[in-house]
Amino acid sequence: MKTIFGVNFYTIKEISRILNKSESTIRNWIYERKLGAVQVGREYLIPQQEIFEFLRKNTNKKDIKF
């Protein structure tokens with residue numbers, strides 16, 4: 001996790017571990033605009049608020065399992 005201007009950002013690798021999904025799945029969600037991210041150079045950073053919003057919208061679907 002990186003904090004920039006008081007906002008927590010996660011890498012694709014961190015999100016894949018948290019959600020127990022492959023890194024390619026996380027990338028696909030970003031490319032499909034299902035999960036918001038900021039591209040910094042070649043790296044994507046996902047703001048914590050985007051993760052919360054994604055989970056709120058998708059917790060009843062098969063993609064996310066707890």
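All of these numbers come straight from a predicted model, not from anything done at the bench.

The rules we used
Residues numbered from 1 in each chain as written. Predicted model: local features only at pLDDT ≥ 70, side-chain atom pairs only at ≥ 80, totals over all residues. Heavy atoms only, no water. Helix = DSSP H or I, 4+ residues; strand = E, 2+ residues; numbered from the N terminus. Buried < 20%, exposed > 50% of the residue type's maximum accessible area, 1.4 Å probe, protein only.

(A) Representation of unusual backbone geometry in the model. Of note, the phi angle at Phe-5 is positive, near 50°, even though the residue is not glycine. Position of Phe-5 relative to the elements: it lies in the loop between strand 1 (2-4) and strand 2 (7-11). The phi torsion at Asn-20 lies on the positive side, around 55°, for a residue other than glycine. Among the structural elements, Asn-20 can be located in the loop between helix 1 (12-19) and helix 2 (23-31). Relative accessible area serves as the criterion here: at 69%, Asn-20 is assigned to the exposed category.

Keep in mind these values describe shape, not function.
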